[in-house]
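Working through the structure, step by step
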Amino acid sequence: MDASRVTAEVLNCQGDAQQGFHERAGGAARRQFGRQVFLRAVVEASNYCREKCNYCGMRRDNTALHRYRARFEQLADLLIHHRPPSVTDVNIQTGEDPVAVRETVLPLVRALRKETPLGVSVCLGTLNPALYAELHAAGATIYIIKFEVGNPHHYEQLGAPGTFTERLEHIRQLAASGWSVSSGFIAGLPNQGEKDLLANFILAAQLPLAGCSVSPFIPGESTPLAAAPMADIDLTLNCMAALRLMRPDWVIPSVSALNLAEPRTGYRRGLRTGANLVTINLTPSEIRGDYLLYKRDRYIMTEERILAAIEAEGLVPSRQSLAEHYRAKKVNGHAVKRPAIETVTLS
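Along each chain, numbering runs from 1 in the same order as the chain's sequence is written. In keeping with the predicted nature of the model, local features appear solely for residues at pLDDT of at least 70, side-chain atom pairs appear and are counted solely at 80 or more, and the whole-chain, interface and lining totals rest on all residues. In computing side-chain values, all of the structure's heavy atoms are included and hydrogens and water are not.

Further remarks concern the pattern of salt bridges. Salt bridge, as applied in this entry: a Lys or Arg side-chain nitrogen positioned within 4 Å of an Asp or Glu carboxyl oxygen. With the rule as written, the count across this model stands at 12 salt bridges. The closest approach of N and O atoms between R69 and D97, which form a salt bridge, is 2.8 Å. Highlighted residues: R69 in the loop between β1 (36–46) and α3 (72–81) and D97 in the loop between β2 (89–94) and α4 (98–115), separated in sequence by 28 residues. Burial classes follow relative accessibility: with a 1.4 Å probe on protein chains only, a residue under 20% of its type's maximum area counts as buried, one over 50% as exposed, and anything between as partly exposed. Since its relative accessible area comes to 32%, R69 is described here as partly exposed. Overall, D97 belongs to the buried group, its relative accessible area being 3%. Through salt bridges that share partners, R59, R60 and D61 make up one connected network. Helix numbers and strand numbers start at the N terminus; a helix is a DSSP run of H or I with at least 4 residues, a strand a run of E with at least 2.

Encoded structure:
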């Protein structure tokens, strides 16, 4: 794929040029996926983390944060017996906490595979190969692991997990061992120049991904970047549109942080740029406030808010799970075939 088609001019477009650009991206998504949007739930099972990312409030150096590990029984009952009817998939997410993976996540994946038809994805950070294999054998099929930034020096400056090289090796190893891998990057980080931002697209194009996200930088409480400015919503959305035109077949989420970058309208604008995955937060309310990715004043996406946003944009929830979608692509031999690439320009 020719990621060089993404330029600074494209990512900084405004006004009529931006509107046309986003409409083209939305059209690319509709041609590939129809009006279907995948709908999953997320449970945030632990906020313990052994990493010290400068942009995340759950960094290990935040000693003021109350730490928790959710009980397996609580999450299993919630997802098996009380999940919203629109949910087809669940994402189990933690800080980088191998203890929670063994005590909570693995038994939860096994229970969901036994008791429900839900597709299961996990977002658990960098683990060892044996633990990846155990999770896959238990029934999880999608691994979410962000590369965060495409510049190795910037990655090191941000204190991101491990090293840049290690992170990319894990992404490639996961894909090679049968996982459907989704990754992503952060737009609008402090000291992120145009070349840094464009490097994200080149890297994404090189990795064996099934999906990719763009998250706006939100300055996190109790982090070294707490005083930095928030990302520009238009830059973030332009990045999303460029990803969609680069890879019409990718699953691209509309992340809840869009409504922090632009309250009330950011999320729907994400859907307009070709996003085709939304996520309902089902983390129990008594622990959710301590899952401190950015700040405690989070915009929680409920089923009501999600369905209203989908309907307002003329879209419909998919009845096929995301896991089934990826499985069908592999069975039909499409995993290595790419559709025609849209031209990523403003014309």
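Now that the structure has been shown, we can carry on.
So, about the pairing of strand β5 (residues 180–187). Counted residue by residue, β5 has eight buried out of eight residues, so it is predominantly covered. Side chains S180, S182, G184 and I186 of β5 all project onto a buried face; the interleaved residues V181, S183, F185 and A187 project onto the opposite face, where all are buried too. Two strands make a pair as long as DSSP finds a minimum of two bridges between them. Here three bridges tie strand β4 (residues 142–144) to β5, and the two strands are oriented parallel to one another. Among the inter-strand pairings, I144 is bridged to a residue of β5, identified as S182. Note: β5 against strand β6 (residues 211–216), six bridges, orientation parallel. Bridge pairing in β6 places G184 opposite S213.

The next thing to look at is the environment of V214. Looking at where V214 falls in the secondary structure, it is placed in strand β6. Between the alpha carbons of V214 and T236 there is a distance of 6.7 Å; along the sequence they are 22 residues apart. V214 has contacts with F185, A187, T236, C239, M240, L243 and V255, leaving out every residue within four places of it along the chain. By definition, residues are in contact when any of their heavy atoms lie within 4.5 Å.

Note on placement: S180 falls in strand β5. For S180, a relative accessible area of 6% gives the class buried. Pairs of N or O atoms are called polar contacts if they sit within 3.5 Å, as long as, within protein, a hydrogen donor faces a hydrogen acceptor (for residues adjacent in sequence, only side-chain-to-side-chain pairs). A polar contact is formed between the side chain of S180 and the side chain of K330, at a distance of 3.4 Å. Not counting residues up to four positions away in its chain, the partners in contact with S180 are T141, I142, Y143, A210, Y326 and K330.

Residues of helix α5 (residues 129–138) that are buried include every one of L131, Y132, L135 and A138, and no others. The buried side chains of α5 occupy one side of the element, clustering within an arc of 130° when seen end-on. In α5, the exposed positions angled more than 90 degrees off the buried face are occupied by P129, A130 and A137. Where α5 starts, the residue carrying a side-chain oxygen 3.1 Å from the main-chain nitrogen of A130 turns out to be N128. Following α5 by one or two positions, G139 has its phi on the positive side, about 130°. It is the directions from the helix axis to the C-beta atoms that the arc portrays.

Tracing the chain through its elements places R269 in helix α11 (residues 266–272). In this structure R269 comes out as buried when scored by relative accessible area, which is 16%. In contact with R269, other than residues within four places in its own chain, are Q18, H22, I233, D234, L237 and E262.

Before going further, it helps to spend a moment on the packing of aromatic side chains. Classification of ring pairs uses Phe, Tyr and Trp, with its six-membered ring standing for Trp, and accepts pairs whose centres are within 6.5 Å; under 30 degrees between planes counts as stacked, over 60 as edge-to-face, and the remaining range as tilted. Considering all chains together, one arrives at six aromatic pairs under this definition. Ring geometry for F147 versus F185: centroids 6.1 Å apart, planes at 25°, classification stacked. With F147 in the loop between β4 and α6 (152–157) and F185 in strand β5, this residue pair connects regions lying 38 residues apart in the sequence. Aromatic side chains F185 and F201 sit 5.4 Å apart centroid to centroid with 70° between the ring planes, which places their arrangement in the edge-to-face category.

Grouped together as the largest cluster of nonpolar side chains are 108 residues, with contacts concentrated most on I92 and F201. Apart from residues lying up to four places away in sequence, I92 is in contact with V43, A45, V105, L108, V109, L112, V120, S121, V122, C123 and L124. Working definition of a nonpolar core: buried Ala, Val, Leu, Ile, Met, Phe, Trp, Tyr and Cys residues. They are joined through side-chain atoms within 4.5 Å. If you look at the next biggest cluster of nonpolar residues, it comprises nine residues, including F38, A210, L322 and Y326.

To estimate how far a helix should reach, multiply one less than its number of residues by 1.5 Å. Here helix α7 (residues 164–176) spans 19 Å end to end across 13 residues, near enough to the 18 Å set by a 1.5 Å rise per residue. Where α7 is buried, its residues meet α5, β4, α6, β5 and α8 (194–206). Positive backbone phi, at 105°, marks G178, one or two positions downstream of α7.

With that settled, the discussion passes to the environment of C239. Tracing the backbone shows C239 in helix α9 (residues 233–246). The class for C239 is buried, based on a relative accessible area of 0%. As for C239 and F201, which are separated by 38 residues in sequence, their C-alpha atoms are 8.8 Å apart. For C239, the contacting residues outside a window of four places in its chain are L11, F185, A187, L197, F201 and V214.

Next up on the list: the packing of α8 against α9. Taken N-terminus to C-terminus, the directions of α8 and α9 make an angle of 25°; their axes are 11 Å apart at the nearest point. Relative to α9, the element α8 is oriented roughly parallel. Once α8 is placed against α9, the crossing between them reads as right-handed. Along its contact with α8, which presents L197, F201 and A205, the element α9 presents L235, C239, A242, L243 and M246. Helix axes are fitted only over the stretch in contact, all axes being lines through C-alpha atoms; the angle between N-to-C directions runs from 0 to 180 degrees. Should an angle fall under 35 degrees it is called roughly parallel, over 145 degrees roughly antiparallel, and 65 to 115 degrees roughly perpendicular, with every other angle called oblique. Rotating anticlockwise by less than a right angle from the far helix to the near helix defines a left-handed crossing, while the corresponding clockwise rotation defines a right-handed one.

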